[in-house]
Amino acid sequence: MLRYPGWLLGYLWWLLKGCYAVARVFLVDARVLLGVAVKIPTVSFSASEQNTTALKEFDQLLRRVFPKIFSSSLVQHEMVGNYSHLLTVPGSEPDLEPYMLLAHIDVVPADEADGWDAPPFSAQELNGFIYGRGTIDNKQSVMGILQALEYLLEQGYTPRRSFYIGLGHDEEISGPQGAVNIVKLLKSRGVKLLYVLDEGLTIMDGVVDGLIGPGALIGVSEKGQATVKLSVSTPPGHSSMPPRESSIGILASAVTRLEKNRMPNLFGHGPERATFEHLAHKFGWPYRMVMSNLWLFSSLVLEGQPDTNAFVRTTTAVTMFNSGVKINVMPAYAEAFVNFRIHSSQTLQEVLKLIKSTISDERVKVEFVSGFDPLPISSYDEDTFGYQIIKKTVHDIFPEVTVSPGICVGNTDSRHYTELSPDIYRFAPSWYKPGDSARFHGVNERISIQNYEEIVLFYFQLMQNSDIRNLPGPRT
Ligand SMILES: CCCCCCCC/C=C\CCCCCCCC(=O)NCC(=O)O
Ligand SMILES: [Zn+2]
Ligand SMILES: [Zn+2]
């Protein structure tokens, strides 16, 4: 048998490993990995039904495509609530308070028949975009964060400041097993976080009339929620001898009253005022003049579109309506579910009161299903480490973008983290252009290949920027 000296074998092994690393960086493109992730249908169908086969497959994928992370002696990996992931990356300077990056693996259902240009779990590339459920909510962050860490580890990086990565598997059903248990675990370990960054607002481009150039809105809070069930019971009977009003008709009128009488425009009472103060210098004529009357601006410019309207009021969404069993039988029962997203300056109790007074019909039973108050407002001043580091990172990667605080109109896993940190931000640097609001939980969810690369760079830069001990002192 041939015998080789140990040093030669060592050298060959080193060469092989080196070639492998280079091949990985150049051949296994980050965007291909995002595509593979999108193809796994990690759907949360309802509070009690998730695709656990897909969640297991996703776990296997992460271990396979991020070998540095999962073999590193530096990174500690734990599964939480069966399918969520908690990664701990200890820093070399343990006195620096850690931060945490969040994202979620699960997605909402998608049906190609709703009008997708490409099948929703195909990750097909069309005109420079990857199409698929999860490309903007929120596999771009899951894969972007891990890709950034994998690259850093490949370069031999050791952070100075410790950080955590939390990847929830049930965010789309409120995070009861994922985020909630990750928080419990961190609390039991006495962890306090300098800041938390989760999915949320984006880089707006061309969606607010009069705003010149793109604006990155960092969510410093998120809206509250109230879900109510409305129901009407009436005696059943023959459809040939109907009463003046059916249970369906009574319920439909109640729902119509809620839709017609929107909750008040509260522009100026919450952090959305700060959004426009930060962006004011980017408005052109005649908007700049209107901007000086912010209340007028809010009704003229913001109330018209669903996404900007959601910024200024508690929104009302009738999401489910069920009744009737047969075409010739008067329905004995009709029910509807209405989901409200509560503006920062209102409380859950105030909204419930308004719902009842708007419906104002004894025949309609109003039951509270679930809800919570709007989340606390995180700091966004010059001295706030998390906000300023995120802002700096946005400017590093997108120099042309104006950064401003905003309210996240949807809810995120980060709402479970309030006991771990006062400074929670909701932002991912996806570009959001006219028409994109319909892609969130809708059809043709997509991300441009270039944007995904920017997202990886953003997290790569954020991890390094967060290593600074203190923010630079005030400019003189
Ligand atoms: C200056 C005006 C700004 C317009 C503001 C609207 C911006 C909307 C941008 C992005 C959409 C945000 C979605 C947030 C993530 C939602 C996560 C989610 O789906 N959670 C579940 C849920 O809320 O039910
Ligand atoms: Zn999401
Ligand atoms: Zn979502």
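Residues numbered from 1 in each chain as written. Chains lettered and ligands numbered in written order. Predicted model: local features only at pLDDT ≥ 70, side-chain atom pairs only at ≥ 80, totals over all residues. Heavy atoms only, no water.

### Observations regarding the domain arrangement of the protein chain
Inclusion rule: The split of the chain into domains comes from an automatic or database domain assignment. Two residues qualify as a contact provided that any one of their heavy atoms is within 4.5 Å of a heavy atom in the partner residue. Put simply, buried area is the surface a 1.4 Å probe can reach on two separate parts but cannot reach once they are joined, added for both. Basic side-chain nitrogens of Lys or Arg form a salt bridge, by our definition, when they fall within 4 Å of a carboxyl oxygen of Asp or Glu. Under the grouping applied here, Gly and all other residues not named as nonpolar or charged are polar, the nonpolar ones being Ala, Val, Leu, Ile, Met, Phe, Trp, Tyr, Cys and Pro and the charged ones Asp, Glu, Lys and Arg.
Splitting the protein chain by domain gives domain 1 (5-208 + 375-465), domain 2 (224-264 + 315-374) and domain 3 (265-312). Between the C-alpha centres of domain 1 and domain 2 the distance comes to 38 Å. Domain 1 puts 7 residues into the contact, and the matching count from domain 2 is 6 residues. For the domain 1 face of the interface with domain 2, the top three residues by lost area are L375, I407 and N411, together amounting to 68%. In this structure, the connection of domain 1 to domain 2 is made through 0 salt bridges. For the side of domain 1 that touches domain 2, the per-class residue count stands at 4 nonpolar, 2 polar and 1 charged.

### Concerning the coordination of the zinc ion (ligand 2)
Angles between donor atoms at a metal ideally measure 109.5 degrees for a four-coordinate tetrahedral arrangement and either 90 or 180 degrees for a six-coordinate octahedral one. Keep this limit in mind: Here the term donor refers to an N, O or S atom within 2.8 Å of the metal (or 3.2 Å for Na, K and Ca), and because water is left out of the atoms, sites may appear incomplete. Just to be clear on the cut-offs, tetrahedral is four donors with all angles between 85 and 135 degrees, square planar is four donors and octahedral six with opposite donors over 155 degrees apart and all others between 65 and 115, and anything else goes down as irregular. Accessibility here uses a 1.4 Å probe with only protein chains present; expressed as a share of the type maximum, an area under 20% marks a residue as buried, one over 50% as exposed, and anything in between as partly exposed.
Around the zinc ion (ligand 2), the protein supplies H104 (NE2), D137 (OD), E199 (OE) and E199 (OE) as donor atoms, at distances of 1.9 to 2.5 Å. Because the angles between the 4 donor atoms bound to the zinc ion (ligand 2) fall within 55 to 155°, the donor set is best described as irregular. Taken in chain order, the donor set of the zinc ion (ligand 2) reads H-x32-D-x61-E. H104 sits in the buried class, given a relative accessible area of 0%. Judged by its relative accessible area of 7%, D137 is buried.

### What about the sheet that holds strand β19 (residues 446-448)?
Filter applied, for reference: Whether two strands pair comes down to DSSP finding at least two bridges between them. Secondary structure is summarised from DSSP: a helix means a run of H or I of at least four residues, a strand means a run of E of at least two, and numbering begins at the N terminus for each.
The 3 strands lie next to each other as β6-β7-β19, forming an open sheet whose pairing is antiparallel. The open sheet has two edge strands with one neighbour each: β6 (125-126) and β19. With 2 bridges joining them, β6 and strand β7 (residues 129-131) adopt antiparallel strand pairing. Paired with L126 across the two strands is F129, which belongs to β7.

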